[in-house]
Amino acid sequence: MTGIILAVVVVLLIVWAIGVQRKLVVMDENINNAMSQIGVQLSSRFDALTALLDLTKGYAAHEAQTLIETIKSRRSVITAKSTPDDVLKQENMITEALGRISMVAEQYPELKANENYIKCMNAVDSYEKMVRTSRLIYNDSVTKLNRELRMFPTSLLGGLFGFRQRDYLESVEEKADMPSMK
C-alpha cells in the first residue's frame, strides 16, 4: 500500500513538474514573440526613415548622406534573442536621426509641405505607435514570467528547467523632448 501511495505521489509530482515546465515555455515564447514584433516594427521604422532621408537629399545632400551612412553602419536587426539594451540602442539611433531630419525640415519649409515627406512622417509615427504597443506587450509578458519564476513552488523548478527572469524594456527619455515632426 505504501508503494502505491509513493508511486501516486511521484506521478503527481512528475505531472506537476511537466505542467510547470510547459507553462514557463509558453511564457518564454510570448516574450520572444513580443521582442520579434518589436524588431519587425523597428525595421519598418528604419525603412520609413530611410525614405524620409532620401527626400531630404535634395535639400541637404551632405546631411542626408551622412545620416544614411550612419544608420546603415549602426543598424542591427532585433530578433527574439535580442536584449532590451539592443532595442534601446536602435530607438536612440532613430530618435537622433529624426531630430536631425527635423532640423533640416525647419530650414526648408517646402520640404515640410512636400506630400511625400508628410506621408513618410505619418508612416514613422504609425510605426512608433506600433512599437509602443509591442513594448507594452513585451513588458507585460516579462512581468508574467518573472512573477511566476519568483513564486513558490514554481521558483524551485524554474532554475532547474533553465528559465531566468527577463529584463524590462525601459522608456526612452529623449522621446519626451523630441520635437514634433509635423
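What comes next concerns the included structure. (Residues numbered from 1 in each chain as written. Predicted model: local features only at pLDDT ≥ 70, side-chain atom pairs only at ≥ 80, totals over all residues. Heavy atoms only, no water.)

### Some details on the overall build of the protein chain
Next up, step 1: From N to C terminus, the protein chain includes seven helices and zero strands.
Next up, step 2: When the helices and strands of the protein chain are placed in sequence order, the string is α-α-α-α-α-α-α.
Next up, step 3: For the protein chain, the spread of C-alpha atoms along the three principal axes comes to 90 × 25 × 25 Å.
Next up, step 4: Scored against the burial criterion, the 182 residues of the protein chain give a buried share of 37%.
Next up, step 5: Sequence separation of at least 24 residues holds for 79% of the intrachain contacts in the protein chain that already meet a minimum separation of 6.
Next up, step 6: A total of about 10,700 Å² of accessible surface is found on the protein chain, and carbon and sulfur atoms cover 58% of it.
Next up, step 7: The positive charge centre, built from 22 side chains, and the negative charge centre, built from 22, are 6 Å apart in the protein chain. (Helix = DSSP H or I, 4+ residues; strand = E, 2+ residues; numbered from the N terminus. Buried < 20%, exposed > 50% of the residue type's maximum accessible area, 1.4 Å probe, protein only. Contact = heavy atoms within 4.5 Å. Areas by Shrake-Rupley, 256 points an atom, 1.4 Å probe, with all protein chains shown as cover. Lys, Arg positive; Asp, Glu negative; His and termini not counted. Charge placed at Lys NZ, Arg CZ, Asp CG, Glu CD.)

### A few points about the environment of Ser36
Next up, step 1: Along the polypeptide, Ser36 turns up in helix α1 (residues 2–56).
Next up, step 2: Taking the relative accessible area as the measure of exposure, Ser36 reaches 25% and is therefore partly exposed.
Next up, step 3: Residues Ser36 and Thr50 lie 14 residues apart in sequence; the distance between their C-alpha atoms is 21 Å.
Next up, step 4: Other than its neighbours up to four places away in sequence, Ser36 contacts Thr79 and Ala80.
Next up, step 5: Within the structure, the side chain of Ser36 is placed 3.4 Å from the backbone nitrogen of Ala80, a separation counted as a polar contact. (Polar contact = N/O pair within 3.5 Å; in protein donor to acceptor, adjacent residues only side chain to side chain.)

### Digging into the pattern of salt bridges
Next up, step 1: Enumeration according to the criterion identifies eight salt bridges in this entry.
Next up, step 2: The residue Lys23 makes a salt bridge to Glu148 at a minimum N-O spacing of 3.5 Å. In this pair, Lys23 sits in helix α1 while Glu148 sits in helix α5 (residues 115–150), placing the two residues 125 residues apart along the sequence.
Next up, step 3: Taking the shortest distance from any N to any O, the salt bridge between Arg132 and Glu128 comes out at 3.3 Å. Of the two residues, Arg132 and Glu128 both sit in helix α5, four residues apart, roughly one turn of that helix.
Next up, step 4: One salt-bridge network, in which partners are shared between bridges, spans Arg45, Glu128 and Arg132. (Salt bridge = Lys/Arg side-chain N within 4 Å of Asp/Glu carboxyl O.)

### Some thoughts on unusual backbone geometry
Next up, step 1: Following Phe152, the chain continues into Pro153 via a peptide bond in cis, with omega recorded as 5°.
Next up, step 2: By the element assignment, Pro153 lies in the loop between α5 and α6 (154–158).

### Considering α5
Next up, step 1: Counted at 1.5 Å a residue, the expected span for α5 with its 36 residues is 52 Å, and the 52 Å between its end C-alpha atoms agrees.
Next up, step 2: A side-chain oxygen of the first residue of α5 lies 2.7 Å from the backbone nitrogen of Asn116; this N-cap is Asn114. (Expected span 1.5 Å × (residues − 1).)

### Observations concerning a nonpolar patch on the surface
Next up, step 1: A cluster of nonpolar residues, Met1, Ile4, Ile5, Val8, Val9, Leu12, Leu13 and Trp16, forms a patch on the protein surface that exposes about 830 Å² of accessible area.
Next up, step 2: Within the secondary structure, Met1 is located in the segment before α1. (Patch = residues over 30% accessible without salt bridge, like charges linked within 9 Å, V, L, I, M, F, W, Y side chains within 5 Å.)

### Quick look at empty space enclosed by the protein
Next up, step 1: Counted by the stated rule, this structure contains one cavity of 30 Å³ or more.
Next up, step 2: Leu67, Thr70, Ile71, Arg74, Met93, Glu96 and Ala97 are the residues that line the largest cavity.
Next up, step 3: Within the residue set of the lining of the largest cavity, elements represented by two or more residues are α2 (61–74) and α3 (84–107). (1 Å grid on protein atoms, 1.4 Å probe; cavity = no way out; pocket = protein on both sides within 12 Å on 5 of 7 lines; lining within 4 Å. Points joined across faces, edges and corners; volume = space filled by probe spheres on them.)

### So, the environment of Thr66
Next up, step 1: Following the sequence through the fold, Thr66 ends up in helix α2.
Next up, step 2: When its relative accessible area of 26% is taken as the criterion, Thr66 is described as partly exposed.
Next up, step 3: Along the primary structure Thr66 and Leu53 are separated by 13 residues, whereas in three dimensions their C-alpha atoms are 9.9 Å apart.

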